[in-house]
Amino acid sequence: IHFTDLSGADLGELALINPGDCCNAIAFNFSDGFLYGGGWSSTNLYKVDMSTGVVTLVKANAVPATFNFVDGLAWDPRDNTFWMSDDVSCNVRHLDASGNDIGGFNGCSVTGYPNSGLAMGLDGTLFYGTDGYGLIFALDTTTSPPTNLGQFSSPGGRDEDMSCGPKHTKADGSKVETLLSQDAYGNWGSSAWAFR
């Protein structure tokens, strides 16, 4: 695991011990201090001890397999749960902290597109990246199925490895939540902000 600041400066690395096929998509759980990750060749859910690098399997086959390559993983700070999906999948599952399925939704029915990346905002907004369509949708997860709040951003490419970043203070003094996204193939990053 490599550490960087927001400018991309290299702040060192943590070697993984017994990694299995961890970690493709990642999400940090602020409630327990572990980094969680999905499999590169499975739909397993893992956790990484950030002080030792020890990787532990949380749940094998945590979500249904499409390609066995987890692209979507987001920690929900409201209730210490995860949203997870396999690559190019319509199936987004809601998991408890132990990886047990507690619900989910069909992302293709909600957005019209398969998923390639997930990020969770502080207020229950799930950001849903689309596989190769260059669109990110904002979904209200306080409803079931989630309500599509519309297209949040259109950075282009295939948005994976998304995460909600730090709050940003705009020129008018208002604070907004940021969303960081990495394109899967173009190797460029983008950021946008939610008006909160």
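Just so it is clear, the structure is predicted and the values come from calculations on it, not from any experiment.

## A few points about the state of the cysteines
Phase 1 of the analysis: Evaluated as defined, the whole model comprises two disulfides.
Phase 2 of the analysis: Covalently, Cys22 is tied to Cys23 through a disulfide, its sulfur atoms 1.6 Å apart. Judged by the sign of its S-S torsion, about 50 degrees, the bond between Cys22 and Cys23 is right-handed.
Phase 3 of the analysis: Disulfide pairing places Cys90 opposite Cys108 at an S-S distance of 1.8 Å. Measuring handedness by torsion sign, the sulfur bridge of Cys90 and Cys108 sits at about -65 degrees and is left-handed. Of this pair, Cys90 sits in the loop between strand S8 (81-86) and strand S9 (91-95) while Cys108 is found in helix H1 (residues 107-111), placing the two residues 18 residues apart along the sequence.
Phase 4 of the analysis: For Cys108, a relative accessible area of 22% gives the class partly exposed.
Phase 5 of the analysis: Across the chain, the way the bonded cysteines pair up, counted in sequence order, is 1-2, 3-4.

## So, the pattern of salt bridges
Phase 1 of the analysis: With the rule as written, the count across this model stands at two salt bridges.
Phase 2 of the analysis: The shortest N-O distance in the salt bridge between Asp76 and Arg78 comes to 2.5 Å.
Phase 3 of the analysis: A salt bridge links Asp101 to Arg93, with the shortest nitrogen-to-oxygen separation between them at 2.8 Å.
Phase 4 of the analysis: Judged by its relative accessible area of 16%, Arg93 is buried.

## Things to note about the sheet that holds strand S7 (residues 70-76)
Through backbone hydrogen bonds, the strands of a sheet pair up, either in parallel or in antiparallel fashion.
Phase 1 of the analysis: Sheet architecture is open: four strands sit in the order S7-S8-S9-S10, paired in antiparallel fashion. The sheet is open, and its two edges are formed by S7 and strand S10 (101-106), each paired on a single side. When the angles between neighbouring strand axes are averaged without regard to direction, this sheet yields 20 degrees.
Phase 2 of the analysis: Of the strand pairs in this sheet, S9 and S10 are connected by five bridges, and their pairing is antiparallel. Bridging from a neighbouring strand, Asn91 pairs with Asn106 of S10.

## With respect to the confidence of the model for the chain
Phase 1 of the analysis: Of all residues in the chain, 84% have pLDDT values of 70 or greater, and the mean over the chain is 85.
Phase 2 of the analysis: Every residue in residues 188-196 is under pLDDT 50, and counting partners more than four places away or in other chains gives 37 contacts.

## As for unusual backbone geometry
Phase 1 of the analysis: Cys23 follows Cys22 through a cis peptide bond whose omega is 5 degrees.
Phase 2 of the analysis: The topology assignment puts Cys23 in strand S3 (residues 22-29).
Phase 3 of the analysis: Residue Ser144 is joined to Pro145 through a cis peptide bond whose omega torsion reads -5 degrees.
Phase 4 of the analysis: Inspection of the secondary structure puts Pro145 in the loop between strand S13 (136-140) and strand S14 (147-153).
Phase 5 of the analysis: If you check the backbone angles, Asn18 has positive phi at about 55 degrees while not being a glycine.
Phase 6 of the analysis: Relative to the elements of secondary structure, Asn18 occurs in the loop between strand S2 (10-13) and S3.
Phase 7 of the analysis: Unusually for a residue other than glycine, Asn68 sits at a positive phi of about 55 degrees.

Parameters and conventions
Residues numbered from 1 in each chain as written. Predicted model: local features only at pLDDT ≥ 70, side-chain atom pairs only at ≥ 80, totals over all residues. Heavy atoms only, no water. Disulfide = S-S within 2.5 Å. Helix = DSSP H or I, 4+ residues; strand = E, 2+ residues; numbered from the N terminus. Buried < 20%, exposed > 50% of the residue type's maximum accessible area, 1.4 Å probe, protein only. Salt bridge = Lys/Arg side-chain N within 4 Å of Asp/Glu carboxyl O. Pairing = 2+ DSSP bridges. Axes fitted to C-alpha atoms, helices over the stretch in contact; angles between N-to-C directions. pLDDT = per-residue confidence, 0-100. Contact = heavy atoms within 4.5 Å.

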